[in-house]
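Spelled out from the first residue to the last, the chains are:
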Amino acid sequence: MSVNYKFVLRSVYGIGCSRIAGTLFLFLEIIVYIGTCSYKKKRRKSMLRKVLCLVLSVFCVVAFVGCGGKSASSTKEKKLEVMASFYPIAEFTCQVGGSHVTVNTMIPDGVEPHDWEPTAKDIEKLGKSAIFFYNGGVEPWAEKAIAALGEKKITGVEVAHSLMTEIFHEEHEEDSDHHDAKEQHEEKMHHDAEDKHDAKDRHEEKEHREDKATSAGHHHQHNGQDPHVWVSPKQAMEEVKIIAVELGKKDPAHKADYDKNAEAYLKKLSDLDKQLQDLGKVAKRKEFVTTHAAFSYLAKDYGFTQLSIMGLSPDAEPAPKDMTNLVNLIREKGIKVVFFETLVSPKVAQTIAKTAGVSTLVLNPLEGLTAEEKKAGADYISVMQENINNLKKALAE
């Protein structure tokens, strides 16, 4: 029996065009071939040997084509593995990285990030990444987690390192010039004595309280600096630029795409920045009351004054006297809205608002998305737009 080479080539061609369809077609032809030739009993053994050789040859071709195709595909689809500490950093990284990166998040959405600590499993997951973006200040565990990986090479990038400033110290220096509600609030909220202290005394007392909070587990400071950089669109743009640069260094082959993606996202952030600049110029009032001091950068960048019920730690409990002082301040200044957050209990904010006879609205520090927000397709841009809309309502009254 002569081998039908046209049959073999046609089958291999079918495999090359479509592995699944080609293989099915191949086996169909083999079955027909065996059936056609099986009547020749005398030459059956010889024929079966040749058919077996034919089948083995084709399977070798299938293995070669299959393995070669898989290798090319895997090389083409391979993405840069990136870990981000929590939501805003992950969102910025996704926007810049686009289709070239796979972004995982250490702190799950819906979890208040300030007191979160990684488990051994989280550290192991981090070790599978090529680069780790974290804000700084919010994640006191970040450097230890990187060090715990030992010989595993991972690039750690503290995105807000060059952007964090001693916001509270700067605001104290502005108190004597503005003599506004913030000065009264800080004196009433943070000091038992009713007499005024100078800026140095107030700063020392604030440092004492921050140290006390840290010892209690509220590691929300970064060497005395406020880490909430991302809450201001102006500062968020700087974080996006830093992420784009670092991705380009880690993956030079796609640097042009990272720069292009960053430019497109920066335009969206620039629109938010413009809205807040305009609001700062026309707002009837400048003061707003928040649950915790997460909006210092936003206030500073756009000319507002933040009055916080708590300090940097969102789960701290204010003293009854402090709450009474804040209620009096709200009434004195004619403030009509008290803002609360989505990831912490609104109870304190609601109590103060009810006592002062004012309403409540959400001002989201974007430390994570709730399940409802994720289901609704919310992201940094949409949530910040809602923040701006609520600020317009609060500052117009």
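Here, every reference points to the structure presented above.
So, how was this worked out
- Throughout, a residue's number is its position along its own chain's written sequence, starting from 1.
- Note on the predicted model: pLDDT of at least 70 is required for a residue's local features to be given, and 80 or more for side-chain atom pairs to be given and counted; whole-chain, interface and lining totals, by contrast, use all residues.
- As a rule here, side-chain values cover all heavy atoms of the structure and leave hydrogens and water aside.
- Axes here refer to lines fitted to C-alpha atoms; in helices the fit is confined to the stretch in contact. Angles between the N-to-C directions go from 0 to 180 degrees.
- Strands are runs of DSSP state E lasting at least 2 residues, helices are runs of H or I lasting at least 4, and numbering of each runs from the N terminus.
- We call two directions roughly parallel when the angle between them is under 35 degrees, roughly antiparallel when it is over 145, roughly perpendicular when it lies between 65 and 115, and oblique otherwise.
- Any two residues having at least one pair of non-hydrogen atoms within 4.5 Å are treated as being in contact.
- Three categories are distinguished: nonpolar for Ala, Val, Leu, Ile, Met, Phe, Trp, Tyr, Cys and Pro, charged for Asp, Glu, Lys and Arg, and polar for the others, with Gly belonging to the last.
- To count toward a patch, a residue needs a relative accessible area above 30% and no salt bridge. Like charges then connect within 9 Å, nonpolar side chains (Val, Leu, Ile, Met, Phe, Trp, Tyr) within 5 Å.
- Exposure was quantified through the Shrake-Rupley algorithm and a 1.4 Å probe, taking into account, for residues, occlusion by the shown protein chains and nothing else.
- In what follows, salt bridge is the name for a side-chain nitrogen of Lys or Arg lying within 4 Å of a carboxyl oxygen of Asp or Glu.
- In summary, the charge assignment counts Lys and Arg as positive and Asp and Glu as negative, without counting His or the chain termini.
- Where a charge sits is defined by one atom per residue type, namely NZ (Lys), CZ (Arg), CG (Asp) or CD (Glu).
- Throughout this description, buried means an accessible area under 20% of the type-specific maximum (1.4 Å probe, protein chains only), exposed means over 50%, and partly exposed covers the range between.
- Two strands are counted as paired when DSSP detects at least two bridges linking them.
- Each polar contact in these results corresponds to two N or O atoms within 3.5 Å; when the atoms are within protein, one needs to be able to donate a hydrogen and the other to accept it, and residues that are neighboring in sequence are counted only if both atoms are side-chain atoms.

Visitor: Could you give an account of the packing of helix H11 (residues 255-282) against helix H16 (residues 380-396), with specific residues and numbers?
Guide: Across the interface, H11 lies against H16 with an axial gap of 11 Å and an inter-helix angle of 5°. In terms of axis orientation, H11 runs roughly parallel to H16. Note on element contacts: H16 touches H11 through Tyr380, Ile381, Met384, Gln385, Ile388, Leu391, Lys392 and Leu395, opposite Tyr265, Lys268, Leu269, Leu272, Gln275, Leu276 and Leu279. Partitioned by chemical class, the residues of the contact of H11 with H16 number eleven nonpolar, two polar and two charged.

Visitor: Before we move on, can you summarise a positive patch on the surface with the specific residues and values?
Guide: There is a patch of like positive charges on the surface, built from Lys121, Lys125, Lys128 and Lys152. Structurally, Lys128 can be placed in the loop between helix H5 (120-126) and strand S3 (131-134). Using a relative accessible area of 62% as the deciding quantity, one classes Lys128 as exposed.

Visitor: With reference to specific residues and values, describe the environment of Ile123.
Guide: By the secondary structure assignment, Ile123 is in helix H5. Since its relative accessible area comes to 17%, Ile123 is described here as buried. Each C-alpha atom of the pair Ile123 and Met106 lies 8.9 Å from the other, and the pair is 17 residues apart in sequence. Among residues more than four places away in sequence, those in contact with Ile123 are Pro118, Ala145, Ala148 and Leu149.

Visitor: Describe in detail the sheet that holds strand S4 (residues 155-158), supporting the description with residues and values.
Guide: Hydrogen bonding along the main chain pairs the strands of a sheet, whether they run parallel or antiparallel. The four strands are arranged S2-S1-S3-S4 in an open sheet whose pairing can be described as parallel. Lying at the two open borders of the sheet, with one neighbouring strand each, are strand S2 (101-105) and S4. Between one strand axis and the next, the sheet turns through 25° on average, direction left out of account. As judged from the four bridges shared by S3 and S4, these two strands associate in the parallel manner. By the bridge assignment, Ile131 is partnered in S4 with Thr155.

Visitor: Go over the side chain of Asp226 with me, naming the residues and quoting the values.
Guide: Counting through the fold element by element, Asp226 comes out in the loop between helix H9 (199-215) and helix H10 (233-250). Buried and without a salt bridge, Asp226 has Lys300 as its closest oppositely charged side chain, separated by 10 Å. Polar contacts involving the side chain of Asp226 include one to the side chain of His228, which spans 2.6 Å.

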